[in-house]
Amino acid sequence: MSDKSKSSAKQSSKVQPEEPSSEIELSQRKKVAAGFPAVASSAKHVYGEVGIIEGTKLMAKINQFDGFDCPGCAWPDPDDHRSVVEFCENGAKAVAEEATAARADAAFFRKHAVAELLQQTDYELGKSGRITEPMVLRPNGTHYQPISWVEAFQLIGRQLKSLADPNEAIFYTSGRTSNEAAFLYQLFVRQYGTNNLPDCSNMCHESSGVGLTETLGIGKGSVTLDDFYQAKVIIIMGQNPGTNHPRMLSALQKAKKNGAKIVSVNPLPEAGLLSFKNPQKPLEMLGTGTSLTDIFLPVRINADVALLKAIMKMLLAKEAERPGTVLDQDFIQTKTEGFAEVKQDLLQYDLDELIQQTGVEQEVIEEVASLLAKESKIIVCWAMGLTQHKNGVDNVREIVNLLLMKGSIGKPGAGTCPVRGHSNVQGDRTVGIWEKLKPELARKLEEHFQFTPPKEEGYNTMSAIEAMASGKAKFFMGLGGNFVSASPDTEYTAQGLQQCDMTVQVSTKLNRSHLTHGKTALILPCLGRTELDVQESGTQFLTVENSTGVVHKTQGGKQPASRHLLSEPKIVAEIAKATLGSATTVDWNGMVANYDTIRNAIEKTVDGFDNYNKRVRNPGGFYLPNGAREGNFTTDSGKAHFTINQPANHPLAEDEFLMMTIRSHDQYNTTIYGLHDRYRGIYHERRVVLMNASDMQKMKLSQEEVVDLVSEYDGEKRVVRNFRVVSYPIPPQCVATYFPEANGLVPHTRSAHGSEQPISKSVVIKIKPKC
Ligand code: SF4
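Note that the coordinates shown come from a computational prediction; the quantities given were computed from them, not determined experimentally. (Residues numbered from 1 in each chain as written. Predicted model: local features only at pLDDT ≥ 70, side-chain atom pairs only at ≥ 80, totals over all residues. Heavy atoms only, no water.)

Participant: Please give an account of the pairing of strand β21 (residues 542-545) that cites residues and values.
Facilitator: Along any regular strand, the residues point their side chains to alternate faces of the sheet. In this sheet, strand β22 (residues 550-554) lies alongside β21 in antiparallel orientation, the contact comprising 4 bridges. Across the sheet, the residue bridging to Thr543 is Lys553, located in β22. Here β21 folds back onto β22 in antiparallel fashion, the turn holding 4 residues, of which Gly549 has a positive phi close to 80 degrees. (Pairing = 2+ DSSP bridges. Helix = DSSP H or I, 4+ residues; strand = E, 2+ residues; numbered from the N terminus.)

Participant: Tell me about a negative patch on the surface, and please be specific about residues and values.
Facilitator: Together, Asp165, Glu456, Glu457 and Glu756 line one region of the surface with negative charge. With respect to the helices, strands and loops of the structure, Glu756 is situated in the loop between β32 (734-738) and β33 (763-769). (Patch = residues over 30% accessible without salt bridge, like charges linked within 9 Å, V, L, I, M, F, W, Y side chains within 5 Å. Areas by Shrake-Rupley, 256 points an atom, 1.4 Å probe, with all protein chains shown as cover. Salt bridge = Lys/Arg side-chain N within 4 Å of Asp/Glu carboxyl O. Lys, Arg positive; Asp, Glu negative; His and termini not counted. Charge placed at Lys NZ, Arg CZ, Asp CG, Glu CD.)

Participant: Report on the site of the ligand, specifying residues and quantitative values.
Facilitator: Around the ligand lies a shell formed by Asn63, Cys70, Cys73, Phe87, Cys88, Gly91, Pro246 and Arg247. Classifying every residue of the shell around the ligand gives 5 nonpolar, 2 polar and 1 charged. (Near = heavy atom within 4 Å. Nonpolar A, V, L, I, M, F, W, Y, C, P; charged D, E, K, R; others polar.)

Participant: Lay out the pattern of salt bridges in plain terms, naming residues and giving numbers.
Facilitator: A full pass over the atoms with the stated rule returns 46 salt bridges. Close ionic contact of Arg397 with Asp394 constitutes a salt bridge, the shortest N to O distance being 3.7 Å. One end of the pair, Arg397, and the other, Asp394, are both in helix α23 (residues 392-405), 3 residues apart, so they sit about a helical turn from each other. When its relative accessible area of 13% is taken as the criterion, Arg397 is described as buried. Since its relative accessible area comes to 18%, Asp394 is described here as buried. Through salt bridges with shared partners, a single ionic network connects Glu440, Arg443, Lys444, Glu447 and Asp607. (Buried < 20%, exposed > 50% of the residue type's maximum accessible area, 1.4 Å probe, protein only.)

Participant: Talk me through the sheet that holds strand β15 (residues 415-418); I want residue IDs and the actual numbers.
Facilitator: Strand order in the open sheet made by the 5 strands is β12-β9-β8-β14-β15, with parallel pairing throughout. Strand pairing shows two members of the sheet lacking a second neighbour, β12 (295-297) and β15, which therefore form its edges. For this sheet the average axis-to-axis angle between neighbouring strands, irrespective of direction, equals 15 degrees. Strand direction decides the pairing type here: strand β8 (residues 233-237) and strand β9 (residues 261-265), joined by 5 bridges, are parallel. From the neighbouring strand, Ile236 faces β9, where its bridge partner is Ser264. Its contacts with the sheet place helix α21 (residues 362-374) against β8, β9, β12 and β14 (378-382), and it is angled at close to 130 degrees to β12. (Axes fitted to C-alpha atoms, helices over the stretch in contact; angles between N-to-C directions. Contact = heavy atoms within 4.5 Å.)

Participant: An account of the packing of aromatic side chains is needed here, citing residue identities and associated values.
Facilitator: Taken as a whole and assessed by the stated rule, the structure comprises 18 aromatic pairs. Judged by centre distance (5.5 Å) and plane angle (75 degrees), the rings of Trp75 and Phe228 are edge-to-face. Of the two residues, Trp75 sits in the loop between α3 (52-59) and α4 (89-99) while Phe228 sits in helix α12 (residues 225-230), which places them 153 residues apart along the sequence. Just as Trp75 is buried, Phe228 falls in that class too. Between Phe476 and Phe483, the ring centres sit 4.7 Å apart and the planes meet at 50 degrees, which makes this aromatic pair tilted. For the pair shown, Phe476 and Phe483 are each scored as buried. Chaining the aromatic ring pairs together yields one cluster made of Phe171, Tyr185, Phe188, Tyr192 and Phe475. (Phe/Tyr/Trp six-rings, centres within 6.5 Å; stacked < 30°, edge-to-face > 60°.)

Participant: How would you summarise the environment of Val550 if you had to cite specific residues and measurements?
Facilitator: Structurally, Val550 can be placed in strand β22. By relative accessible area, Val550 is classed as buried at 5%.

Participant: Report on the confidence of the model for the protein chain, specifying residues and quantitative values.
Facilitator: Taken residue by residue, the protein chain gives an average pLDDT of 93. The fraction at 70 or more is 96%. This model gives residues 1-12 a pLDDT under 50, and the stretch forms 17 contacts once residues within four places in sequence are excluded. (pLDDT = per-residue confidence, 0-100.)

Participant: Report on the environment of Thr213, specifying residues and quantitative values.
Facilitator: Residue position: Thr213 is located in helix α11 (residues 206-216). Spatially, the C-alpha atoms of Thr213 and His641 are 10.0 Å apart, while their sequence positions differ by 428 residues. With residues up to four places along the chain from it excluded, the contact list for Thr213 reads Ser208, Ile218, Gly219 and Thr635. Within the structure, Thr213 has its side chain in polar contact with the backbone nitrogen of Gly219 (distance 3.3 Å). (Polar contact = N/O pair within 3.5 Å; in protein donor to acceptor, adjacent residues only side chain to side chain.)

Participant: Which residues make up helix α14 (residues 248-257), and what values go with them?
Facilitator: Buried residues dominate α14, accounting for 7 of its 10 residues. At the exit of α14 stands Gly259, carrying a positive phi of roughly 105 degrees.

Participant: So what's going on with the side chain of Arg663? Which residues, and what values?
Facilitator: With respect to the helices and strands, Arg663 occurs in the loop between β25 (656-662) and β26 (667-668). The residues touching Arg663, leaving out its near neighbours within four places in the chain, are Thr243, Asn244, Met384, Asn669, Asp677, Arg680, Tyr738, Phe739 and Lys761.

Now the structure itself:
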């Protein structure tokens, strides 16, 4: 344990350690993404964690037809070929993290008490290595201890059987989980008797799912990778691909070479969108890089609806000047409904007021409108910068309005692209992980497995936290993930978990959710993506779905980190057997012996998986059906819906700021690979608050000054301490902080209308200098 964490143990009683580093270093933010530094960083992580020989072997298999799917994001691979190097810096870091030679074994847990580990940073916890055997923390225990798999499953089964009602149990899923494990998990949970299946999608793209389903009939994006290469305009809103989906930059580079213009809408000028040196092209790395963004709109936080309305008003004016040349009237007439109402609504807004709300100069917005006026092959991409707001669903619906106006959905080179974070977050939903059981899936589960699934809607992430904190839920299981760090309102979420009688985490590595535990806590270590999975019938492969709806194989080949590890399908099946006993209609052993059996069951119960086992063995897999992609809108009326949405309203007092949480370049979701944010020029420190220089002056704050951040909702104050002020080009009264350090400020009592996503991108805070 480092000296720093020892000292924080004395000073902090919170779930997240709160001491700032004394080593913060600030430098010029980068104007070019990737290039040699990305290659060097990838090599450092892979070779440092795994070794040169093993590391080289592993990286030759990542995202290859016969290899494993990158455990990072859900960005798609090319349909028909694979390059030798088919990964990015973050993919390399994700693999290094999983394949590390470090081990958190029984001796490690004997040495470190839970209370002591809790005072380590997320980065330090991650460095402890792979967990090698099942561990249990008994009631009032101070240390995790080894437990046999048999005893662990019996303990869980007994606990679940003892609950007064199945709805007292919560079964969370992280987006790393394969289709096969996710399908078995939801099957077990529904046979057990509840739909309490919250997932990480509740926190990242629920607003996209809701907004897209309502307007287009499908809650997924409509574009393929090939559409990027045919597009004329690509708008990227509230997304930072350089850090969170780095290989998207290669697609954008190719799109630009094919003539596309790129419009970036973001409160921060992110390096990845400014310029890019493709690490797969050594000669290119010697040059200055490809400039990606043609028009940058530094929009105020959550002013996207105002911006889209301003653009649409300008398009309407241009259409009035040159009828039939700007909007796709034929598409609007034949494929959509509600345009007249939206047009009427837009006319009510004052253009100057809308522009003022955005914080962007009028000429820049006009430039975008002029560009859109003459093109129809338009793609809009977005991520959590759009979805994690009170009006997250409205943001998504307003994007759809713009695309529908232009007839830019359901044709090549055009459409919607909500870029998913975790590698199988979309697939888990497809195969049934959702607190809302679709009637069609319920009917097919009943037919195929002869049981009646529960109909009552289960807890999503927000209501699950509430249920645990209020004592309504007593059992929590996480199939992957790091629930306490990923969720809003960290202290409140931790209290909820701590009140449970039992918490169970299926994990590869130690994280904070193991340390904010129920009365009894279990860690069940599982195989990672890179590892060999052998069951009774032989070596198995798994399948996942990427952001564009392609289902494909993933197969690791590395010897597991420990001989005690089990696969996620096996763990789920054993818990199901221990819990359901003879009261199950599923042959769990058969399912696990050969994963083809699980895929056959998915084919029989989930639409779009015809010939699953055959088609998924084709190199690159297969596309799931997507009506919107074909211009076939599966809404009630069969037409795409225009909707009326309001611009967000955040009245701020002089000393208040709108805060958004962001990721550093050295992290992926809750996994912290390092303490630097190279592109933004911030090193050795994660407790930082990025502020406009004029706000710093107004608040009399100096660079690197240490402050506390406070949010107050419904009379309840939340404080996170010891953040360093960093001057940054962000719009006035907007600030940015890293996730998960600032999650403690995000209130559990507020969420997006219609999707109940946390509002992590628009939290009103005050900044308090230390006395
Ligand atoms: S873009 Fe995403 S999926 Fe691809 S290698 Fe990078 S982290 Fe992995």
